[in-house]
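One-letter residues, chain by chain:
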Amino acid sequence: QFHCWDEIDVASYERRLTFSSACQRYSFWNSLSEAGRRVAILDVPHSRVTGPLNGVQVVEWGSHDRHFGFHTWPPPRAADIEAALGLHPILGIDAYSVREFAADDYVHRAGRLRTKEEEADFLAGLLKGVDAKRKLNAALLVEGRWDLFLTVFGESHAIGHQQWHLHDPEHPRFEPELVRAVGGDPVAQLYSKLDAGLGDMLAQIDGDT
C-alpha cells in the first residue's frame, strides 16, 4: 500500500506526501508465518518488522529507500549481522536513523555532481555491498529449509539512479574517459555481480524449489 513518496488526492486533485509508516496492510509473509510456514525476508523496500515472525526478517541493511532504520526479527540479529559483515558501504549510511531518505544520494558526493574519484568510490562501495549481501543470503539459506526465502538487492536500484550516465552513450553526461576510470560500464559490472549472487543461491537449493 506504499508506491511513492507522494500521491494525488482523488477528491481534491491536490498532491500530498505519503509515509510508509502509515500503511496498515498485512504483508503476505506475515500471513504465511501465521500459517506455520518458515520465512526469511531480506531488505524488501518500504517494509518493517511488525511483530514476531516464524523465521528471520532483515529491514534496511541494504535497501535503497530508507524509513525505519536497520532492524531485524529477531531483534538481536541486527547486531549479529553488523558484527559478521559490517554495515552496507553505501546504503548503510546512518544505518539506525528513522527518517525518509535514500543513502545513495549522499555518499561519496560533496558537490552537485560526483568527481571522478567519487564515482569510482561509489561504484566500489556498491560492488562491495553486493558481495556482503551474497554472504548474508548464503548464511541464511543454510540455516534450514525455508518455505519462502525473499531477498532484494538494493544496489540494482541505486546504480540506475546514480551512474546511468556512465552506461548510456547517448546520455548528455556520458564520458568515455570517466567510464574507463571506474573500470568499465558500472551498470554492467554491478549486474554481473547480481547474476553471480543469483547463481550462489541457485547452487544452494534443491530441485524441489
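Summarised in this report is the structure supplied together with it.

Each value, and the rule that gives it
- Residues numbered from 1 in each chain as written.
- Predicted model: local features only at pLDDT ≥ 70, side-chain atom pairs only at ≥ 80, totals over all residues.
- Heavy atoms only, no water.
- Core = buried A, V, L, I, M, F, W, Y, C linked by side-chain atoms within 4.5 Å.
- Buried < 20%, exposed > 50% of the residue type's maximum accessible area, 1.4 Å probe, protein only.
- Helix = DSSP H or I, 4+ residues; strand = E, 2+ residues; numbered from the N terminus.
- Contact = heavy atoms within 4.5 Å.
- Pairing = 2+ DSSP bridges.
- Axes fitted to C-alpha atoms, helices over the stretch in contact; angles between N-to-C directions.
- Polar contact = N/O pair within 3.5 Å; in protein donor to acceptor, adjacent residues only side chain to side chain.
- Patch = residues over 30% accessible without salt bridge, like charges linked within 9 Å, V, L, I, M, F, W, Y side chains within 5 Å.
- Areas by Shrake-Rupley, 256 points an atom, 1.4 Å probe, with all protein chains shown as cover.
- Salt bridge = Lys/Arg side-chain N within 4 Å of Asp/Glu carboxyl O.
- Arc of directions from axis to C-beta.

**Quick look at the nonpolar core**
Within the largest apolar cluster, 33 residues are counted, with the highest numbers of intra-cluster contacts made by Val58, Phe70, Leu126 and Leu190. Taken together, the elements giving at least two residues each to this core come down to strand E3 (39–42), strand E4 (55–59), helix H2 (77–85), helix H3 (116–141), helix H4 (155–163), helix H5 (176–181) and helix H6 (186–204). For this core, the leading source of residues is H3, giving nine residues. When near neighbours in sequence (up to four residues on either side) are disregarded, Leu190 contacts Leu126, Leu127, Val130, Glu155, Ser156 and Ile159. Ranked by size, the runner-up nonpolar core spans five residues in total, among them Trp29, Val39, Val44 and Leu53.

**Quick notes on the sheet that holds strand E8 (residues 148–151)**
The strand order across the open sheet built from four strands is E6-E4-E3-E8, with neighbouring strands paired in mixed fashion. Each edge of the open sheet is held by one strand with a lone partner, namely strand E6 (71–73) and E8. Direction aside, neighbouring strands of the sheet carry axes that sit 5 degrees apart on average. Examined bridge by bridge, E3 and E4 share four bridges and lie parallel to one another. Residue pairing for E4: Ile41 is matched across the bridge by Gln57. Across the sheet, H2 is in contact with E4 and E6; its angle to E6 comes to roughly 120 degrees. Contacting E3, E4 and E8, H3 crosses the sheet at an angle of about 170 degrees to E8.

**Focus on the side chain of Thr151**
Mapped onto the fold, Thr151 is located in strand E8. On the basis of relative accessible area, Thr151 is assigned to the buried category, the value being 17%. Side-chain polar atoms of Thr151 contact the side chain of Asn137, separated by 2.9 Å. Excluding anything up to four places from it in sequence, Thr151 contacts Leu42, Lys133, Asn137 and Met201.

**Examining unusual backbone geometry**
In this chain, Trp73 is followed by Pro74 through a cis amide linkage whose omega measures -5 degrees. Here Pro74 is to be found in the loop between E6 and H2. The phi dihedral of His46 falls on the positive side, at around 65 degrees, and the residue is not glycine. As for its placement among the helices and strands, His46 is situated in the loop between E3 and E4. Backbone geometry places Glu60, a non-glycine residue, at a positive phi of 60 degrees. Structurally, the position occupied by Glu60 is in the loop between E4 and strand E5 (65–66).

**A few points about a nonpolar patch on the surface**
A cluster of nonpolar side chains, namely Trp5, Leu17 and Phe19, defines an oily patch on the protein surface of about 400 Å² accessible area. Inspection of the secondary structure assignment puts Leu17 in strand E2 (residues 15–17). Exposure remark for Leu17: the relative accessible area of 61% places this residue in the exposed category.

**A word on the side chain of Ser27**
With respect to the helices and strands, Ser27 occurs in the loop between E2 and helix H1 (28–34). Here Asn30 takes part through its side chain, which lies 2.3 Å from a polar atom of the side chain of Ser27.

**A few points about H4**
Taken together, the buried positions of H4 are Glu155, Ala158, Ile159, Gln162 and Gln163. Taken down its axis, H4 places every buried residue within 100 degrees of arc, on the same side.

**Considerations on the pattern of salt bridges**
Across all of its chains, the model carries 10 salt bridges by this definition. Close ionic contact of Asp9 with Arg16 constitutes a salt bridge, the shortest N to O distance being 2.6 Å. Using a relative accessible area of 40% as the deciding quantity, one classes Arg16 as partly exposed. Residue Arg77 pairs with Glu143 through a salt bridge whose shortest N-O separation is 3.0 Å. Placement of the pair is Arg77 in helix H2 and Glu143 in the loop between H3 and E8, with a sequence separation of 66 residues. Arg77 gets classed as partly exposed once you look at its relative accessible area, which sits at 21%. Overlapping salt bridges, with partners in common, bring together Asp131, Arg134, Lys193 and Asp200 in one network.

These results come straight from atomic positions and should not be treated as a statement about function.
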